[in-house]
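Listed below are the residues making up each chain.
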Amino acid sequence: MLREDSFREQQVHDTVRRDPGGDVEMCWESLRGSGHHTPAERFFVRSHSGVPRIDPRTWSLRLHGDGLRGGPVEFDLEDLRALPRRSMTAFIECAGNGRSLYTIQQNQRVEGTPWGLGAIGVAHWTGVPLAVVLERAGIRADAVDLLPRGLDRPYVRHGVDYGPVRRPLPVSKAMKDVLVAYEMNGHPLRPEHGHPARLVVPDWVGVASIKWLGDVEVSTGPLHSPWDTDFYRLFGLGHPPEGSAPLTTVPVKSAFELSPGARVCLEHEYLLTGRSWSGNGAIRSVEVSTDGGGRWLPARMVGPRHRHTWAQWEFPWRPERRGRVELMARATDETGVTQSLGAPYNTKGYVFGAVVRHPVTVV
Ligand SMILES: Nc1nc2c(c(=O)[nH]1)N[C@H]1C(S)=C(S)[C@@H](COP(=O)(O)O)O[C@H]1N2
Ligand SMILES: [Mo]
């Protein structure tokens, strides 16, 4: 018999604070037995300069720039709510999710918040397609780039003022599947997740999903900001001095719904559970190794496998040797890409996509 509650003796934490500024990481063990979507109170939080409080009654979204046929156009929250309503289940994942594993697994030094694997969440987002807003604002056929900007305070680091958080978004992506979201899991956005409205840019690194959206410049020429020149590129050996191209889609990844260092009992029946996701598309299959990568067996996929979200899986396990073991899960997405055993180094520790060695002690 499989014991569904076999991990109940584990201490379960919902979230863990990662940063004095208030950034919060979701604990994977808290997802075990919970639904597909991440409850808002467990959803990770990453904010460059704190959480602004915005009055939704006076808030508006302004579109402007030479990529519009006419002058600037404003939409207040009521205007947005009157436009076609669309919902989408999608993950948002920080580009730095898994950063600490560069150090833990690969012995490499990287800069930035030392996230475990919990800088990701899946929510049911509701709002209006950015394409609709752009059409209503009179976007020109030759517009190529947008610059969505947040209403949070300017980002200051090491004495440098980078201005408000903003990151260029190609018009092609904006027209495809980006949402101006005003609801998360059926409720108005919480302050920390971008209230009253944010972008949700599915499959792309989280920084593209600008929170507290205040304005969007629409341009017929390329736009830039520090968030696509100084940050969110790959830097280091093997990359040009100005870095790689700006990061877009996140790689295929997997995580166990289990705390790192969990203790399990010899010869007990466990049901390992986990989730895998990819910015390239839906997950095709997942394999698990319970002996540190010696033998791989297919996990059983549970529930739907859609793009933009994670796929859930399970794997029965009966520990047969005492001591420390490493559980590993590796997913393959619909484009045929499988997680590799190492992640190529980059100085800022972005996009760690390698198979994670999840330590467990058998007692
Ligand atoms: N305006 C604004 N938008 C922002 C950020 C920010 O600091 N300011 N952080 C970005 C980053 S780096 C990530 S990973 C996601 C995190 O979204 P969440 O806090 O809702 O999980 O928001 C993005 N949008
Ligand atoms: Mo991020």
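Residues numbered from 1 in each chain as written. Chains lettered and ligands numbered in written order. Predicted model: local features only at pLDDT ≥ 70, side-chain atom pairs only at ≥ 80, totals over all residues. Heavy atoms only, no water.

### With respect to the site of ligand 1
Then, in step 1: Around ligand 1, the surrounding shell holds 20 residues, and the nearest of these are Phe44, His48, Asp152, His193 and Lys211.
Then, in step 2: Asp152 places a side-chain nitrogen or oxygen 2.6 Å from a nitrogen atom of ligand 1.
Then, in step 3: Between ligand 1 and the protein, one listed contact pairs an oxygen atom with a side-chain N or O atom of Lys211 at 2.5 Å.
Then, in step 4: Looking at the shell around ligand 1, its residues break down into 9 nonpolar, 6 polar and 5 charged. (Near = heavy atom within 4 Å. Polar contact = N/O pair within 3.5 Å; in protein donor to acceptor, adjacent residues only side chain to side chain. Nonpolar A, V, L, I, M, F, W, Y, C, P; charged D, E, K, R; others polar.)

### Description of the pattern of salt bridges
Then, in step 1: Taken as a whole and assessed by the stated rule, the structure comprises 19 salt bridges.
Then, in step 2: Ionic pairing is found between Arg149 and Asp215, a salt bridge with its closest N-O pair at 2.8 Å. Highlighted residues: Arg149 in strand β7 (residues 145-150) and Asp215 in strand β14 (residues 213-219), separated in sequence by 66 residues.
Then, in step 3: Overall, Asp215 belongs to the buried group, its relative accessible area being 10%.
Then, in step 4: Here Glu257 makes a salt bridge to Arg275, at a shortest N to O gap of 2.5 Å. You can see Glu257 sitting in the loop between β15 (253-256) and β16 (262-264) and its partner Arg275 sitting in strand β17 (residues 270-277), a full 18 residues away along the chain.
Then, in step 5: By relative accessible area, which is 4% here, Glu257 ends up buried.
Then, in step 6: Through salt bridges with shared partners, one network takes in Glu41, Arg190 and Glu192. (Salt bridge = Lys/Arg side-chain N within 4 Å of Asp/Glu carboxyl O. Helix = DSSP H or I, 4+ residues; strand = E, 2+ residues; numbered from the N terminus. Buried < 20%, exposed > 50% of the residue type's maximum accessible area, 1.4 Å probe, protein only.)

### Here's the deal with the nonpolar core
Considering soluble globular proteins, one finds that nonpolar side chains tend to be buried as a cluster.
Then, in step 1: Within the largest apolar cluster, 64 residues are counted, with the highest numbers of intra-cluster contacts made by Leu63, Leu130, Val133 and Val180.
Then, in step 2: Sorting the residues of this core by element identifies β3 (60-64), α1 (77-82), α2 (100-106), β6 (120-129), α3 (130-137), α4 (171-177), β11 (179-184) and β14 as the ones contributing at least two each.
Then, in step 3: Leave out the neighbours within four places in its chain, and Val133 touches Leu61, Leu63, Phe75, Leu80, Leu83, Val128 and Val180.
Then, in step 4: Val252, Ala311, Trp313 and Ala331 belong to the second-largest nonpolar core, a separate cluster that totals 22 residues. (Core = buried A, V, L, I, M, F, W, Y, C linked by side-chain atoms within 4.5 Å. Contact = heavy atoms within 4.5 Å.)

### So, a negative patch on the surface
Then, in step 1: On the surface, Glu74, Asp76, Glu78 and Asp79 cluster together to form a negatively charged patch.
Then, in step 2: Note that Glu74 resides in strand β4 (residues 73-76).
Then, in step 3: On the accessibility criterion, Glu74 (47% relative accessible area) is partly exposed. (Patch = residues over 30% accessible without salt bridge, like charges linked within 9 Å, V, L, I, M, F, W, Y side chains within 5 Å. Areas by Shrake-Rupley, 256 points an atom, 1.4 Å probe, with all protein chains shown as cover. Lys, Arg positive; Asp, Glu negative; His and termini not counted. Charge placed at Lys NZ, Arg CZ, Asp CG, Glu CD.)

### A few points about the sheet that holds strand β20 (residues 300-302)
The strands making up a sheet associate through hydrogen bonds between their backbones, and the pairing can be parallel or antiparallel.
Then, in step 1: Strand order across the open sheet formed by 4 strands is β15-β17-β21-β20, with antiparallel pairing between neighbours. A single partner strand is all that each edge strand has here, and the edge strands are β15 and β20. Between one strand and the next, the sheet's axes are offset by a mean angle of 30 degrees, whatever the strand orientation.
Then, in step 2: With 7 bridges connecting them, β17 and strand β21 (residues 311-317) associate as antiparallel partners. Across the sheet, residue Leu272 finds its bridge partner in β21, namely Phe315. (Pairing = 2+ DSSP bridges. Axes fitted to C-alpha atoms, helices over the stretch in contact; angles between N-to-C directions.)

### Concerning the domain arrangement of the protein
Then, in step 1: On domain assignment, one finds that the protein holds domain 1 (6-21 + 249-362) and domain 2 (60-229).
Then, in step 2: Every contact between the two is made by 28 residues of domain 1 and, on the other side, 31 residues of domain 2.
Then, in step 3: Here domain 1 and domain 2 share an interface that buries about 2,500 Å² over both sides, 57% of which is from carbon and sulfur atoms.
Then, in step 4: When the buried area of domain 1 at its contact with domain 2 is split by residue, Arg18, His308 and Phe352 rank highest and sum to 28% of it.
Then, in step 5: The interface formed by domain 1 and domain 2 contains 2 salt bridges.
Then, in step 6: A salt bridge links Glu93 to Lys253, with the shortest nitrogen-to-oxygen separation between them at 2.9 Å.
Then, in step 7: Our count for the contact surface shared by domain 1 and domain 2 stands at 17 residue pairs in polar contact (both at pLDDT 80 or more).
Then, in step 8: The leading source of residues in the side of domain 1 that touches domain 2 is β15, at 3 residues.
Then, in step 9: Here the side of domain 1 that touches domain 2 is built from residues that sort into 13 nonpolar, 10 polar and 5 charged. (Domains from an automatic or database assignment. Buried area = accessible area lost by both parts, 1.4 Å probe.)

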